[in-house]
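# Residue-level structure breakdown
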Amino acid sequence: MTPNSPVRFALQHFLDNLLREGLCVYAELWSREALVASRGDPTNAAEPEVVQQVDLGGKPYTVLARRDDNPFLPPLDVAAVRRCAEACQEDTSPQGVTIPPPDILARTLDFVTDAFVLVGHGWEILHCNLAFERLSGFPDSALLGQSLWTRCGVFKLPAIRTQLLSALANGQASEIECWNSDSDRWLYVRIFPCTEGLSVFVQDITARKKVEETKLDLERQLSQGRRMESLGTLAAGIAHDFNNVLSAVIGHAGMLREKLDAHHAARLHADEIWVAASRARDLTGRILAYSRSSRGETDKQPLKALTRESVNLLKATLPTTVRLNAQLDGQEVCARILPSEVQQIVVNLCTNAWQAMPNGKGHLHVNVSHVDVQQEMPVDTGVLQPGAYVMLTVEDDGAGMSPDVRAHLFEPFFTTKARGEGTGLGLYVVSGIASAREGGIRVTAAEGEGARFDVFIPACDDDHSDPTTSSLPTHKGHSERVAYIDDDPVVCVMVEQLLNTRGFVTTTFADPESALQALLTQHFDIVVTDQNMPDFSGVEVANILRTRGVDLPIVLSTGLISEELRKAAKEAGICEVFPKERSFEDLATLLIECLARSPRAGAASQQ
Ligand SMILES: Nc1ncnc2c1ncn2[C@@H]1O[C@H](COP(=O)(O)OP(=O)(O)OP(=O)(O)O)[C@@H](O)[C@H]1O
Ligand SMILES: [Mg+2]
């Protein structure tokens with residue numbers, strides 16, 4: 001009988017049925033000439049319990065059915081085995097199913113897109129489909145009878161090979177997903193032990209894997225986005241309160257500057273405190289602007305001067321083992337950027353640089369120059385469009401970095417530093433600034449060879465006013481009486497002193513109620529009220545004053561300005577909304593403007 005003859009198929013179906021129905025664990029069909037098929041493990045089987053003659057395809061066969069000694073198996077149902085054999089005799093198939101001739105099955109397998117191969121117990125290829133021929137690169141004439149290991153490299157992949165060996169050894173079906181680096185494909189391999197040995201299906205799942213990876217990537221981005229969003233909310237809250245503290249620092253530093261003449265030994269320190277705190281206020285302003293999704297207005301800024309200012313601030317914190325070389329002389333170069341952004345770039349890049357130096361020892365170069373980009377230029381954070389740029393370079397001779405670290409540099413929360421030592425947000429912030437200003441960052445680094453960061457910001461021509469040398473406002477009041485309402489006593493003290501040095505007579509109130517009482521009974525020229533206070537909001541204070549007939553100009557001071565608030569302020573007759581992130585020195589100027597605009601101003605001048 002040929003291996004694929006219809007009779008053999010019929011016999012195999014009969015056997016399958018016996019086994020599937022649990023009638024025996026071991027069954028054999030004998031022809032007169034040869035053993036046709038066997039299933040189960042004959043070594044565990046007891047002596048045959050059923051002997052049945054079956055006539056299949058015109059030939060007589062003997063059925064031997066034996067059960068395992070296993071006491072947990074049900075006893076062999078001899079009658080059922082007989083019924084099965086008889087049914088098979090009558091119908092060729094025990095279920096009455098017409099069994100397709102083998103060439104149809106083979107052809108059908110050729111339509112299956114998964115590669116299929118049937119291997120014998122000695123790993124010889126017994127059958128395969130067209131997809132397998134494609135996978136192996138051989139026609140079936142060169143495959144049948146040959147060793148699986150020599151004909152198809154995929155099966156030599158250690159993970160797949162191990163599964164195949166154990167499936168053949170223990171008769172357990174198994175499956176595995178595996179990356180084949182030779183073909184750059186993901187493979188899904190399913191292995192089913194069978195009478196002949198193993199039938200194996202190999203599916204190319206690269207496309208599915210890519211979709212899964214994209215999905216994972218999107219999920220990662222989404223969760224990162226959520227993290228950033230909640231971080232933004234948290235930061236905005238802190239920035240809002242921190243502004244008050246900074247206002248006090250700036251105000252007092254400003255007054256100190258005024259009291260110390262230019263040659264006083266402490267004047268330089270007062271100036272530095274004033275500049276640093278002003279930058280810090282810009283920063284909190286940016287956090288608030290970010291939480292309101294606005295990018296912040298920018299003027300032309302002199303990059304060399306601002307970098308010099310940041311380097312000076314840094315000098316106080318850099319270890320003395322770092323040799324800092326800043327080349328910031330020569331013609332000034334300008335770009336549209338906030339001074340606090342320049343400070344963030346310089347501080348983050350320089351801090352990273354010295355942290356990368358073994359034992360904090362090495363050379364640090366900072367340089368600002370003008371470059372013309374002639375054509376689109378790919379950099380590490382995107383592509384620079386042709387045009388003029390200011391290039392801020394920070395270079396160190398520290399440990400450098402591996403290509404792997406370099407690939408992740410600008411991702412939020414990526415850090416190689418120990419827990420608690422780095423947040424991994426430094427370069428993310430720097431790249432965010434560069435991108436928002438339509439610039440980019442180029443990194444040149446290799447392991448053990450230091451690192452260089454070039455930050456490109458679109459340049460503009462250099463007529464500018466240097467904000468670092470700006471002097472304190474010179475607007476002065478003329479003993480106008482100011483009622484200042486704010487529940488923060490620190491701010492109250494500072495504003496009182498500041499406005500008084502600007503020529504106003506200021507009375508501060510820490511709670512709106514006492515302010516209302518005083519405003520109804522005493523003489524004032526202008527009111528400044530905070531918006532967020534425990535009992536009344538600033539707008540409510542304005543409304544109460546209006547309904548009680550007080551028609552003084554009112555300025556609302558707040559850390560968070562929204563359109564709704566502007567509208568409510570206008571309806572309450574408030575003349576100006578003053579953003580708290582602005583310096584309180586600007587407040588003096590604003591008060592003078594409001595007083596000048598007020599209808600009472602004309603009346604006063606006529607008195
Ligand atoms: N100049 C440099 N030389 C070598 N590696 C660097 C350099 N600058 C950055 N890196 C690498 O990039 C990583 C990310 O830097 P980033 O400034 O974003 O975060 P961080 O410095 O780890 O943490 P944080 O800035 O919050 O303190 C660093 O952990 C470091 O591995
Ligand atoms: Mg850092």
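Just above sits the structure.
Residues numbered from 1 in each chain as written. Chains lettered and ligands numbered in written order. Predicted model: local features only at pLDDT ≥ 70, side-chain atom pairs only at ≥ 80, totals over all residues. Heavy atoms only, no water.

## Points about the packing of helix 9 (residues 303–315) against helix 10 (residues 339–355)
In contact at an axis separation of 9 Å, helix 9 and helix 10 are set at 50° when each is read in the N-to-C sense. Here helix 10 runs oblique to helix 9, going by the angle between their axes. For the pair helix 9 and helix 10, the sense of crossing is right-handed. Here Leu303, Leu306, Thr307, Ser310, Val311, Leu313 and Leu314 of helix 9 come into contact with helix 10, specifically with Pro339, Val342, Gln343, Val346, Val347, Cys350 and Thr351. For the contact of helix 9 with helix 10, the per-class residue count stands at ten nonpolar, four polar and no charged. (Axes fitted to C-alpha atoms, helices over the stretch in contact; angles between N-to-C directions. Helix = DSSP H or I, 4+ residues; strand = E, 2+ residues; numbered from the N terminus. Parallel < 35°, antiparallel > 145°, perpendicular 65-115°, else oblique. Left-handed = near helix turned anticlockwise from the far one by under 90°. Contact = heavy atoms within 4.5 Å. Nonpolar A, V, L, I, M, F, W, Y, C, P; charged D, E, K, R; others polar.)

## Side note on the site of ligand 1
Within the structure, ligand 1 sits among 21 residues, and Asn352, Thr415, Thr416, Lys417 and Thr423 are positioned closest to it. A distance of 3.0 Å separates a nitrogen atom of ligand 1 from a polar side-chain atom of aspartate 396. Bound to the protein, ligand 1 loses 91% of the 590 Å² it would expose on its own. Secondary structure elements with two or more residues in the shell around ligand 1: helix 10, helix 12 (426–436) and strand 18 (451–460). (Near = heavy atom within 4 Å. Polar contact = N/O pair within 3.5 Å; in protein donor to acceptor, adjacent residues only side chain to side chain. Areas by Shrake-Rupley, 256 points an atom, 1.4 Å probe, with all protein chains shown as cover.)

## Structural notes on the pattern of salt bridges
Between side chains of opposite charge, a pair can form as their charged atoms come close. The full count for this structure, using the stated rule, is 16 salt bridges. Arginine 185 serves as the salt-bridge partner of aspartate 204, at 2.9 Å between the closest nitrogen and oxygen. Here arginine 185 lies in strand 8 (residues 185–193) and aspartate 204 lies in strand 9 (residues 197–204), a separation of 19 residues in the sequence. Owing to a relative accessible area of 33%, arginine 185 belongs among the partly exposed residues under this scheme. Residue arginine 437 pairs with glutamate 341 through a salt bridge whose shortest N-O separation is 2.9 Å. Taken together, the positions of arginine 437 in the loop between helix 12 and strand 17 (440–445) and glutamate 341 in helix 10 put the pair 96 residues apart, joining distant regions of the chain. Residue glutamate 341 is classed as buried on the basis of its relative accessible area of 3%. One salt-bridge network, in which partners are shared between bridges, spans Glu177, Arg208, Lys209 and Glu212. (Salt bridge = Lys/Arg side-chain N within 4 Å of Asp/Glu carboxyl O. Buried < 20%, exposed > 50% of the residue type's maximum accessible area, 1.4 Å probe, protein only.)

## What to know about the side chain of glutamate 341
Within the structure, the side chain of glutamate 341 is placed 2.9 Å from the side chain of arginine 437, a separation counted as a polar contact. In contact with glutamate 341, not counting residues within four places along its chain, are Arg286, Ile433 and Arg437.

## Re the sheet that holds strand 9
Pairing is antiparallel across the open sheet formed by five strands, whose spatial order is 6-5-9-8-7. Where the open sheet ends on each side, the last strands, each with one partner, are strand 6 (125–128) and strand 7 (174–180). Mean inter-strand twist for the sheet, computed between neighbouring axes without regard to direction, equals 20°. Bridge count for strand 7 against strand 8 is seven bridges, and the pairing is antiparallel. Looking at strand 8, one finds that cysteine 178 is bridged to leucine 187. In the packing of helix 6 (residues 158–170) onto the sheet, contacts are made with strand 7, strand 8 and strand 9, and the angle to strand 7 comes to roughly 160°. Across the sheet, helix 7 (residues 206–259) touches strand 7, strand 8 and strand 9, and the angle it forms with strand 8 is around 120°. (Pairing = 2+ DSSP bridges.)

## Let's talk about helix 12
Taken together, the buried positions of helix 12 are occupied by Leu427, Val430, Ser431, Ile433 and Ala434. Around the axis of helix 12, the buried residues are gathered within 155° of arc, so they sit on the same side. Where helix 12 terminates, the next one or two residues include glutamate 438, which has phi positive at roughly 60°. (Arc of directions from axis to C-beta.)

## Looking at the sheet that holds strand 19 (residues 481–485)
Spatially, the five strands line up as an open sheet ordered 20-19-21-22-23, and their pairing is parallel. The open sheet has two free edges, formed respectively by strand 20 (505–509) and strand 23 (576–579), since each of these has just one partner strand. On average, each strand axis in the sheet is inclined to that of its neighbour by 20°, with strand direction left out of account. The pairing of strand 21 (residues 526–530) with strand 22 (residues 554–558) spans four bridges and is parallel. Looking across to strand 22, one finds that aspartate 530 is bridged to serine 557. Its contacts with the sheet put helix 13 (residues 489–501) on strand 19 and strand 20, and the angle it makes with strand 20 is roughly 170°. Sheet strands in contact with helix 14 (residues 512–521) are strand 19, strand 20 and strand 21, and its direction is about 160° off that of strand 19.

## Thoughts on helix 6
Structural remark: α-helix, 3.6 residues per turn; residues separated by three or four positions point the same way. Under the 1.5 Å per step criterion, the end-to-end length of helix 6 is 18 Å for 13 residues, consistent within 8% with the ideal 18 Å. Those residues of helix 6 that sit buried are Ile160, Leu164 and Ala167. In an axial view of helix 6, the angular spread of the buried residues amounts to 70°, which keeps them on one side of the axis. Residues of helix 6 that are exposed and point over 90 degrees away from its buried face: Pro158, Thr162 and Ala169. (Expected span 1.5 Å × (residues − 1).)

## Considerations on the pairing of strand 6
For strand 5 (residues 115–120) and strand 6, the ladder comprises three bridges, and the chain directions are antiparallel. Bridging from a neighbouring strand, leucine 118 pairs with histidine 127 of strand 6. Where strand 5 folds back on strand 6, the antiparallel hairpin that results is connected by four residues, among which tryptophan 123 adopts a positive phi of roughly 70°.

## Concerning the packing of aromatic side chains
Tallied over the entire structure, the rule returns seven aromatic pairs. Summarising the aromatic geometry, the rings of phenylalanine 116 and phenylalanine 201 are spaced 5.0 Å apart at their centres and angled 45° between planes, so their arrangement reads as tilted. One end of the pair, phenylalanine 116, is in strand 5; the other, phenylalanine 201, is in strand 9, with 85 residues separating them in the sequence. Overall, phenylalanine 116 belongs to the buried group, its relative accessible area being 9%. Considering the side-chain rings of phenylalanine 192 and phenylalanine 201, the 6.0 Å spacing of their centres and the 75° angle between planes classify their relative orientation as edge-to-face. What links up through ring pairs into an aromatic cluster is the set Phe116, Phe192 and Phe201. Lying across the ring of tryptophan 186, lysine 209 places its NZ or CZ 4.5 Å from the centre. (Phe/Tyr/Trp six-rings, centres within 6.5 Å; stacked < 30°, edge-to-face > 60°. Lys NZ or Arg CZ within 6 Å of the ring centre and 35° of its normal.)

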